[in-house]
Amino acid sequence: MEIAVTRNLLESNESVAAELKELFAHKGLLVLNLISSPGAGKTSLLERTLTDLRGEFRMAVIEGDLQTDNDARRVAATGAQAVQINTNGGCHLDSRMVRDHLAPFDLANLDILFIENVGNLVCPVEFDCGEDHKVALLSVAEGDDKPEKYPLLFNLAKVMVLNKVDLLPYVDFDVQRATRFARQLNAALGVFPVSCRSGEGLDPWYAWLRAERAAKKQA
Amino acid sequence: MLFSMHEMSLASNLLEMLRQEMEKHGATRLIEVRVCYGLLANVVPESLEFAVMALTEGTPLAGAKVTMQPIPPLLRCIGCGCEFEPGEARLAVFSPCPQCGEDFGHSVLRGKELYLDSIEVM
Ligand SMILES: Nc1nc2c(ncn2[C@@H]2O[C@H](COP(=O)(O)OP(=O)(O)OP(=O)(O)O)[C@@H](O)[C@H]2O)c(=O)[nH]1
Ligand SMILES: [Mg+2]
Ligand SMILES: [Zn+2]
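Definitions and limits used
- Residues numbered from 1 in each chain as written.
- Chains lettered and ligands numbered in written order.
- Predicted model: local features only at pLDDT ≥ 70, side-chain atom pairs only at ≥ 80, totals over all residues.
- Heavy atoms only, no water.
- Helix = DSSP H or I, 4+ residues; strand = E, 2+ residues; numbered from the N terminus.
- Rg over C-alpha atoms; globule rule 2.2 N^0.38 Å.
- Contact = heavy atoms within 4.5 Å.
- Areas by Shrake-Rupley, 256 points an atom, 1.4 Å probe, with all protein chains shown as cover.
- Buried area = accessible area lost by both parts, 1.4 Å probe.
- Salt bridge = Lys/Arg side-chain N within 4 Å of Asp/Glu carboxyl O.
- Polar contact = N/O pair within 3.5 Å; in protein donor to acceptor, adjacent residues only side chain to side chain.
- Near = heavy atom within 4 Å.
- Nonpolar A, V, L, I, M, F, W, Y, C, P; charged D, E, K, R; others polar.
- Domains from an automatic or database assignment.

Details of the overall build of chain B
Okay, step 1: In terms of helices and strands, chain B carries two helices and six strands.
Okay, step 2: Secondary structure elements of chain B, listed N to C terminal, follow the sequence α-β-α-β-β-β-β-β.
Okay, step 3: Relative to the compact-globule value of 14 Å for 122 residues, chain B shows a C-alpha radius of gyration of 18 Å, a clear excess of over 25%.
Okay, step 4: With the principal axes as the frame, chain B shows a C-alpha extent of 55 × 30 × 15 Å.
Okay, step 5: In chain B, the share of contacts with a sequence separation of at least 24, taken over all contacts with a separation of at least 6, comes to 69%.
Okay, step 6: When the accessible surface of chain B is totalled, it reaches about 6,100 Å², and 53% of it is carbon and sulfur.

Side note on the interface of chain B and chain A
Okay, step 1: Taken together, the contact pairs 28 residues of chain B with 31 residues of chain A.
Okay, step 2: Both sides together, the interface formed by chain B and chain A hides about 2,500 Å², and carbon and sulfur atoms give 61% of it.
Okay, step 3: Summed over the three residues of chain B that lose the most area to chain A, namely Met-17, Phe-94 and Phe-104 of chain B, the buried surface amounts to 19% of that side.
Okay, step 4: Summed over the shared surface of chain B and chain A, the result is two salt bridges.
Okay, step 5: Where chain B touches chain A, the interface holds 14 residue pairs in polar contact (both at pLDDT 80 or more).
Okay, step 6: At the level of elements, helix H1 (5-24) and strand S6 (114-121) of chain B are the ones that each hand at least two residues to the side of chain B that touches chain A.

Details of the site of ligand 1
Residue and element names in this part refer to chain A.
Okay, step 1: Taken together, 19 residues are adjacent to ligand 1, and Lys-42, Thr-43, Ser-44, Asp-166 and Cys-196 come closest.
Okay, step 2: One nitrogen or oxygen atom from the main chain of Arg-197 is found 3.1 Å from an oxygen atom belonging to ligand 1.
Okay, step 3: Expressed as a share of its isolated accessible area of 650 Å², the protein-covered part of ligand 1 is 76%.
Okay, step 4: Going through the elements one at a time, helix H2 (42-52) and helix H3 (70-76) are the ones with two or more residues in the shell around ligand 1.
Okay, step 5: With three residues, H2 is the largest single contributor of residues to the shell around ligand 1.
Okay, step 6: Here the shell around ligand 1 is built from residues that sort into four nonpolar, eight polar and seven charged.

Quick notes on the domain arrangement of chain B
Okay, step 1: Considered domain by domain, chain B is made up of domain 1 (5-72 + 110-121) and domain 2 (74-107).
Okay, step 2: Put simply, the middle of domain 1 of chain B and the middle of domain 2 of chain B, counted by C-alpha atoms, are 30 Å apart.

Some remarks on the pattern of salt bridges
Okay, step 1: In this structure the tally under the stated criterion is 23 salt bridges over all chains.
Okay, step 2: Of the charged contacts in the structure, one is a salt bridge between Glu-21 of chain B and Arg-7 of chain A, with a shortest N-O distance of 2.7 Å. Here the residue Glu-21 of chain B occupies a position in helix H1, and Arg-7 of chain A occupies one in strand S1 (residues 2-8), the pair thus bridging two chains.
Okay, step 3: Where Arg-73 of chain A meets Asp-69 of chain A, a salt bridge forms, and the shortest distance between an N and an O atom there is 3.1 Å.
Okay, step 4: Each of the salt bridges in this network shares a partner with another, and the network as a whole consists of Glu-2 of chain A together with Glu-32, Arg-34 and Glu-120 of chain B.

Shown next, in the form of structure tokens:
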């Protein structure tokens, strides 16, 4: 007997993500999903942000990693609450993992929850974790053709943080070219060139966080 | 054989669905599973087939044939609005439009799907 089904393979992820969105909206919590290749600087950006905006927002982090809790410990050293999810080889976080790790947080008393996804430019993009926005991170050490090669992330992200600009004198990375490609995919994409090492360029990123936080609170 | 955690997690969603559908229709044996995937969806068909095999081994679902049906992409040109099927699937979003030559920023009308289409059961 043949049975016609037509069900999306990602439907269970999407239904849990929708539940999470409802929960986060109810709590007025801004949730950002940070996506980049390994080592682009997600944890470094969080360390800076959690430290510099400590007096302004109540922030917490969900850390996704293949193994180890190194990143959660780095983030916790800033004083922010951090919960580690080890995917044991899994290439992305999904909405169920996020839901199952929310218990330690007092969501009603948080302003921003950051999700640091597993370092990978491909799979995390397809698994909605209930976030308000995806934040794409790209480091100038990786090559300016990344937006061309991984269009979906730059298409779906709200902003692109271009990290390690302190290395620009030493690498062959054309900021204009990367920005142009990314904007072809997503005309409204905000682009923030920063250095998490020197602290250069972080203010526009912080201004964006403030604006998004205010918008979420009012919604 | 190709082994990928990504397809493993997709396959475990698929198995959950197969169990639900079989129960709903009172089926006891799974003969064939047909999955449709867009060529722009991030999935390697052989890896998904393999993951289904690996995960069903020793279960009542074991031995089912997995058929992966590709869906070619269809784009709408951002320049002139015409619809076209790009040649090379991987970088399809950047394919030049056959009418006006525009090669960026097209919208994807088809080609990102990934769904369980139908099953053959007893
Ligand atoms: N030169 C330079 N190095 C940086 C900068 N930001 C981060 N790094 C270095 O880049 C390396 C990786 O940074 P992380 O913040 O751990 O990167 P990540 O994206 O969290 O890495 P994974 O979690 O492993 O995917 C570290 O050695 C950082 O010190 C920067 O702005 N400039
Ligand atoms: Mg990290
Ligand atoms: Zn055209």
